[in-house]
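Structural features, examined
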Amino acid sequence: MAHRAQQCLGRQRNCLWLCSCCILSLASQVNVANGCIVFETFPAGFAVNVRILASTVAYYESNGTLYIDERSWGYTCRHTSHVGTIDQGWSLLFRGIQPKPLPLEGYEICTRVNHEFMLSIFRGIESWRTEEAGLLTIWQPAPFLLSAAANALTELKQGPAPFIVFHIRGGDKYVEDMQLHRKSATPKALVEAFQKMQPSLQGGSCLLIGDDSSLILEAQELAQTKLGCHVMTRGAQTGGKHVQDDFNRLPEDKRCAATQRLIVDIELMAQADYFVGSQTSGMYHLASRLRKVIYNKPRTTSVSP
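Residues numbered from 1 in each chain as written. Predicted model: local features only at pLDDT ≥ 70, side-chain atom pairs only at ≥ 80, totals over all residues. Heavy atoms only, no water.

1. Quick notes on the pattern of salt bridges
- Applying the stated criterion across every chain yields a total of ten salt bridges.
- Here Arg112 ties to Glu40 by a salt bridge, and the two come within 2.5 Å at their closest N and O atoms. Residue Arg112 is located in strand S5 (residues 111-113), and its partner Glu40 is located in strand S1 (residues 36-40); the two are separated by 72 residues in the primary sequence.
- The salt bridge partner of Arg112 is Asp69, with a shortest N-O separation of 3.0 Å. Highlighted residues: Arg112 in strand S5 and Asp69 in strand S2 (residues 65-69), separated in sequence by 43 residues. (Salt bridge = Lys/Arg side-chain N within 4 Å of Asp/Glu carboxyl O. Helix = DSSP H or I, 4+ residues; strand = E, 2+ residues; numbered from the N terminus.)

2. Some words on the state of the cysteines
- Under the defined criterion, the tally for this structure stands at three disulfides.
- Each sulfur in the disulfide pair Cys36 and Cys110 lies 2.0 Å from the other. An S-S torsion of about -95 degrees defines the bridge between Cys36 and Cys110 as left-handed. You can see Cys36 sitting in strand S1 and its partner Cys110 sitting in the loop between strand S4 (100-103) and S5, a full 74 residues away along the chain. As far as the burial class goes, Cys36 and Cys110 line up, both buried.
- One disulfide bridge connects Cys206 with Cys229, the sulfur atoms lying 1.8 Å from each other. In this pair, Cys206 sits in strand S7 (residues 205-210) while Cys229 sits in the loop between helix H9 (213-227) and strand S8 (230-234), placing the two residues 23 residues apart along the sequence. The same class applies to Cys206 and to Cys229, which are both buried.
- When the cysteines of the chain that form disulfides are numbered from the N-terminus onward, they connect as 1-3, 2-6, 4-5. (Disulfide = S-S within 2.5 Å. Buried < 20%, exposed > 50% of the residue type's maximum accessible area, 1.4 Å probe, protein only.)

3. Things to note about the packing of helix H2 (residues 46-60) against helix H12 (residues 282-293)
- Packing of H2 against H12 brings their axes to within 8 Å, and their N-to-C directions diverge by 50 degrees. One finds that H2 runs oblique with respect to H12. In this structure, H2 crosses over H12, and the sense of that crossing is left-handed. Note on element contacts: H12 touches H2 through Gly282, Met283, His285, Leu286 and Arg289, opposite Phe46, Ala47, Val50 and Arg51.
- Here the contact of H2 with H12 is built from residues that sort into five nonpolar, two polar and two charged. (Axes fitted to C-alpha atoms, helices over the stretch in contact; angles between N-to-C directions. Parallel < 35°, antiparallel > 145°, perpendicular 65-115°, else oblique. Left-handed = near helix turned anticlockwise from the far one by under 90°. Contact = heavy atoms within 4.5 Å. Nonpolar A, V, L, I, M, F, W, Y, C, P; charged D, E, K, R; others polar.)

4. Concerning helix H8 (residues 187-197)
- Taken as a whole, H8 has its buried residues at Pro187, Leu190, Val191, Ala193 and Phe194. The arc enclosing the buried residues of H8, seen along the axis, measures out at 155 degrees, which places them on a common side. (Arc of directions from axis to C-beta.)

5. Details of the sheet that holds strand S9 (residues 274-276)
- A sheet is described by the order of its strands in space; here five strands give the open sequence S8-S7-S6-S9-S10, paired in parallel fashion. What marks the edges here is a single partner per strand, and that holds for S8 and strand S10 (302-303).
- Two elements, strand S6 (residues 163-168) and S7, share six bridges in a ladder whose sense is parallel. The residue of S7 that forms the bridge with Ile168 is Gly210.
- Here H12 sits on the sheet and contacts S6, S9 and S10; the angle it forms with S9, its principal contact strand, is near 165 degrees. (Pairing = 2+ DSSP bridges.)

Next comes the structure, spelled out in structure tokens:
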């Protein structure tokens, strides 16, 4: 973990310098009520909330105390370590200095921001730089999650190199893509995109992480026949497909366990030699940014159709 922290600090100066002009010009216009800000999560996916939260942290920077209101999203693990707060689990899962758990009272006087407000601010601006700066602050998984990721990585890397992670997004993402007139990234498209990027590479270990069991099976066959991979899988092993509304209605203990596993999965995506995912999935953008700013991976090692 010390090595990880050194990498993070080393990249932080460069990343903050890159986006300083953007942040400072915007921050000068910020009007914060009573020295505090509340970021309101919304009932969408994990990655999109984390990415917008990261931009919020970087945008408001030192303009006030930033609290997180987690009551509207499903990725929670309530606990009682912070007495006097509405703590839905962010401080259990992450150990950064921001954001802080929402206090039981008094937060009504704070400036409240949500995803729609933040998206309106960055419309037409290269917001990825601000997002990356914020990720350096907030993406600090708890030690037990980093330990779980390190143990999984050690086991997974016992196979032949290189270690390649494919994120296979299906379920309600296909429906969303259709509604927004976007082209979904099929398993075939993901494998072919990697082949195009690395035409001479054969073999290695391919980890398939996904939320749609039928697509995982399809990707497994393609990875074996086209790439010659030793294939491993995580997730989507019990059948069914991920639907966000259904996930949000699950009992909290199941959502908590799934959230912890998801954070470990993201760490595996971020630390792999190569990562392949879909441009229409927020998970691809989150993992590829973490690869760059936390683990100093070349951009060419993150692949998407």
